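These are the residues of each chain, in order.
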Amino acid sequence: MRINGIAPAPRLHPWAVRVMHWTNAVAMVVLIGSGWGIYDDSVIIHGVYFPKAIRLGSWAAESLLWHFAAMWLLVANGGAYLVYGVATGRLRERLLPIRPRDIVQTVRDTLRLKLTHEDLTTYNAVQKILYIVAILAGIGQVVSGLAIWKPVQFSSLVALLGGFQGARLVHFAGMAVLTGFLAIHVVLSLLVPRTLWAMLTGGPVRRPALPAVAREAAR
Amino acid sequence: MTARAFPCALGAVLLTLALAGPGRAQTAGPSPTPDHMPKPGMSAPEMADRAAGRFPQPVRVGDLPGRFLLQPEESQPVLGRVTGLVRRDDGGADAIVRLDGVLGLTRLGLQPLAWSGVGARLVAVPVEAVALLGEYVALMGMTPERLRALPTFAPGSATAIPPGETLRIGIVRPFH
Amino acid sequence: MRSPFRPLKVPDPSILDDHRPLVRQIERRGLLRGGLSLGALTMLTGCDVTDTTAVGRALRAVSDFNDGVQAALFDPRKLAPEYPASQVLKPPRFNAYYDVEDVKPVDGEAWRLELAGLISDKRPWTRRRIAELPEREIIIRHVCVEGWDYIGQWSGVPLRAFLERVGADLTAKYVAFKTADDYPSSIDMASALHPQTLLATRYAGQDLPDPYGYPLRLRTAVKLGFKNPKWITAIEVTNAYPGGYWESRGFNWFAGL
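Everything numeric in this text was worked out from a predicted model, so none of it was measured.

Let's shift gears to the overall build of chain A. When helices and strands are tallied, chain A shows 9 helices and 0 strands. Across the 219 residues that make up chain A, the buried fraction comes to 27%. Partitioning the contacts of chain A with sequence separation of at least 6, the portion at a separation of at least 24 is 65%.

Time to look at the pairing of strand β7 (residues 136-139) of chain B. All names here are of chain B. Burial along β7 is two-sided: the face carrying Tyr-136 and Ala-138 and the face carrying Val-137 and Leu-139 are both buried. One ladder, built from 2 bridges, connects strand β2 (residues 68-70) with β7; its direction is parallel. Residue pairing for β7: Leu-69 is matched across the bridge by Val-137. Alignment of strand β6 (residues 130-133) against β7, held across 4 bridges, turns out to be antiparallel. Bridging across to β7, Leu-133 finds its partner in Tyr-136. Here β6 hands over to β7 after 2 residues, with Gly-134 in that stretch at a positive phi of 60°.

On to the sheet that holds strand β9 (residues 232-238) of chain C. Residue and element names in this part refer to chain C. Across the sheet, which stays open at both edges, the 4 strands sit in the order β1-β9-β4-β5 with mixed pairing between neighbours. If you trace the sheet from one side to the other, it starts and ends with β1 (114-117) and β5 (185-188), each paired once. Shown here is a sheet whose adjacent strand axes are inclined to one another by a mean of 20°, direction ignored. Here β1 pairs with β9 via 4 bridges, running parallel. Of the residues in β9, the one forming a bridge with Gly-117 is Val-237.

In this section: the confidence of the model for chain C. Residues and elements named next belong to chain C. The predicted model of chain C has a mean per-residue pLDDT of 87, with 80% of residues at 70 or higher. In this model residues 26-50 is a low-confidence stretch, pLDDT under 50, and it forms 44 contacts with partners more than four residues away in sequence or in other chains. For this predicted complex, the interface confidence score (ipTM) comes to 0.82, while the overall pTM stands at 0.82.

Moving on, we get to the sheet that holds strand β3 (residues 78-87) of chain B. Residues and elements named next belong to chain B. Pairing in this open sheet of 6 strands is mixed, and the strands run β5-β4-β3-β2-β7-β6 from one edge to the other. Looking at the sheet topology across the chains shown, the edges are occupied by β5 (121-126) and β6. The mean angle between the axes of side-by-side strands here comes to 40°, regardless of whether they run parallel or antiparallel.

Two packed helices can be described by the angle between their axes and the distance between those axes. Relative orientation of the contacting elements helix α2 (residues 60-88) of chain A and helix α3 (residues 54-73) of chain C amounts to 70°, with a least axis distance of 9 Å. Relative to α3 of chain C, α2 of chain A is oriented roughly perpendicular. Crossing of α2 of chain A against α3 of chain C: the hand is left-handed. Within the contact between the two elements, α2 of chain A uses Leu-65, Trp-66, Phe-68 and Ala-69 of chain A and α3 of chain C uses Leu-59, Arg-60, Val-62, Ser-63 and Asn-66 of chain C. Taken together, the residues of the contact of α2 of chain A with α3 of chain C break down into 6 nonpolar, 2 polar and 1 charged.

What follows covers the UniProt feature "domain: Oxidoreductase molybdopterin-binding" (unreviewed entry) in chain C. In this numbering, the UniProt entry assigns the feature "domain: Oxidoreductase molybdopterin-binding" (unreviewed entry) to residues 104-246 of chain C. Within residues 104-246 of chain C, the helical portion is 11% and the strand portion 36%, while the C-alpha atoms at the span's ends are 20 Å from each other.

The next point concerns unusual backbone geometry. Trans is the prevailing form of peptide bonds, just as negative phi is the prevailing case for residues other than glycine. Along the chain, Leu-96 of chain A connects to Pro-97 of chain A via a cis peptide bond; the corresponding omega equals -10°. When you line up the elements, Pro-97 of chain A lands in the loop between α3 (90-95) and α4 (100-111). Residues Tyr-214 of chain C and Pro-215 of chain C are joined by a peptide bond in cis, for which omega reads 5°. Tracing the backbone through its elements, the reader meets Pro-215 of chain C in the loop between β7 (206-207) and β8 (217-220). Positive phi values are uncommon outside glycine, yet Gln-76 of chain B reaches one of about 45°. With respect to the helices, strands and loops of the structure, Gln-76 of chain B is situated in the loop between β2 and β3. A residue is classified by how many C-beta atoms lie within 10 Å of it, and Gln-76 of chain B, with 24 of them, is buried. Even without glycine at this site, Trp-231 of chain C takes up a positive phi of about 50°. Mapping Trp-231 of chain C onto the fold places it in the loop between β8 and β9. Residue Trp-231 of chain C is classed as buried on the basis of its 26 C-beta neighbours within 10 Å.

Within soluble globular proteins, side chains that are nonpolar generally end up buried alongside one another. By size, the foremost hydrophobic cluster in this structure holds 118 residues, and its most contacted members are Leu-69, Leu-70, Ala-95, Val-130, Ala-131, Ala-138 and Leu-139 of chain B. Counting residues per element, this core draws most heavily on α2 of chain A, at 10 residues.

Rules behind the numbers
Residues numbered from 1 in each chain as written. Chains lettered and ligands numbered in written order. Predicted model: local features only at pLDDT ≥ 70, side-chain atom pairs only at ≥ 80, totals over all residues. Helix = DSSP H or I, 4+ residues; strand = E, 2+ residues; numbered from the N terminus. Buried ≥ 20, exposed ≤ 12 C-beta atoms within 10 Å, placed from the backbone. Contact = placed C-beta atoms within 7 Å. Pairing = 2+ DSSP bridges. Axes fitted to C-alpha atoms, helices over the stretch in contact; angles between N-to-C directions. pLDDT = per-residue confidence, 0-100. Parallel < 35°, antiparallel > 145°, perpendicular 65-115°, else oblique. Left-handed = near helix turned anticlockwise from the far one by under 90°. Nonpolar A, V, L, I, M, F, W, Y, C, P; charged D, E, K, R; others polar. UniProt positions renumbered as here; feature names shortened; annotations may be inferred. Core = buried A, V, L, I, M, F, W, Y, C linked by C-beta atoms within 7 Å.

So, in structure tokens, the structure goes:
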């Protein structure tokens, strides 16, 4: 986030972040729904399968078409997000540092149902951890997905994941993590609707970022 | 707060479902064929007749213990686990199957716990009633209800078939 | 030359050439309209190959694009892992587009392998003549598009050796197969020439049992299971996209591992 005289005051979520956020949301929902359809063709956990009503695609071939189309959307959009986040410093600024006492504080607040989230421009420690887990799970899904898609070309990757069924299991577990994240994320954003509004319209104008020392002093 | 959280969570789930969209109720592709489903009350000769049509393949008896017995439907529930094979009085073979205990743990995907043997019992299933599905065995000649209604098999009450022997058991394609 | 693959009279291919820009334009429009617009995502309904909605066309356009990506990712020298004989599943898993009860065994004595297309010696082959060819055994993982897998032990003549022997044009794009169970299939030439692609005649040292494709089937370590047609009756080398049974129903054609 460069601050220069000509640009309008930066919003909490610049347009690029909003576009990437909603693109990612679409890609993830499509990938999860079609993934359930693919899973059902040969279940990993016996007896556990996804009802037809929540699968994307009326049979396996359709689910596969959706999955192998949305994967490009996820990879391109996710790659752009990571490059953007690193280049602008947004990722580091928003997700780091995570201090143990902040975690304790947030957990204590949460248990007391203090979920006010007054200042949208900073994340609490638990939020930071959730976002980092989601990003890592997304990267993990691409890697395990590659192993399942091309188990001969990337045979060493398959071996690393404990064989072909091991790679499927890792991919399934990654889905579970991301679905869990999605559920928490959606519930929390509905509890504090201002956050949802901010991701649509850009949110509050940001104060210039304070250096870490000043931020510490301001607490 | 919690009172508010519930409708919100419900909303989130509904939103996810709405986004995922109801899959069209058509079956464009390989539809589940009810043909392979066991018919209730099949007699022994009928069972043997069906089994003969499943292209019985040689399988080493020692390769069967430990295999899961699956119900022939898309979610492939585990009905039990093969523990060995015994010779029947008529010269045929029975697969000895350990049925899930009363806890129904296999349905929750907790096979390791279920196979600790808590509440489990053994039954003898004619090999004509099962078919090989890759590394699994599928129950083709009787319904799960009939399987669970089989009398308990007492270990040692029949002659075990040595692991080195070869039997011929029918095969079946995946269920979906 | 008579081909078991095509009618005697085919439409003039220049018709397609004349309309290629139009076809391209339609495909591109479908991709943009269906694949990238949010509106399309509200109509997440199914689509098979007969589906002519924008979404269906867009999804299949991406699948065609994925064929190209997979061909680029394919390394013809990369060998699939092989496994010890102790891990071989006997008997192997059976699969087909019909139940096993409906398998129609093929009479090995009467059986002939016919050849067509860009092949100089198109004389049909008998089982005995094929058995005289050099043989290779591979113990490889079979990966099904459904998600299951097993280790299998296959032997037969490498497809490359066979194609060289009959004088096939190895620069052609496709090798296509016809089968006794009416299950057309085809693979790209690079995969056909891969050392772990066999015209398999035996499993675990024994003649192929009937349900697994006796007397001859394809077994390649670099494709998903459904690209391994059983009971092969004819092979054609061609530059015209031949498609396949599942491909025409929406599965991805390249289907490489």
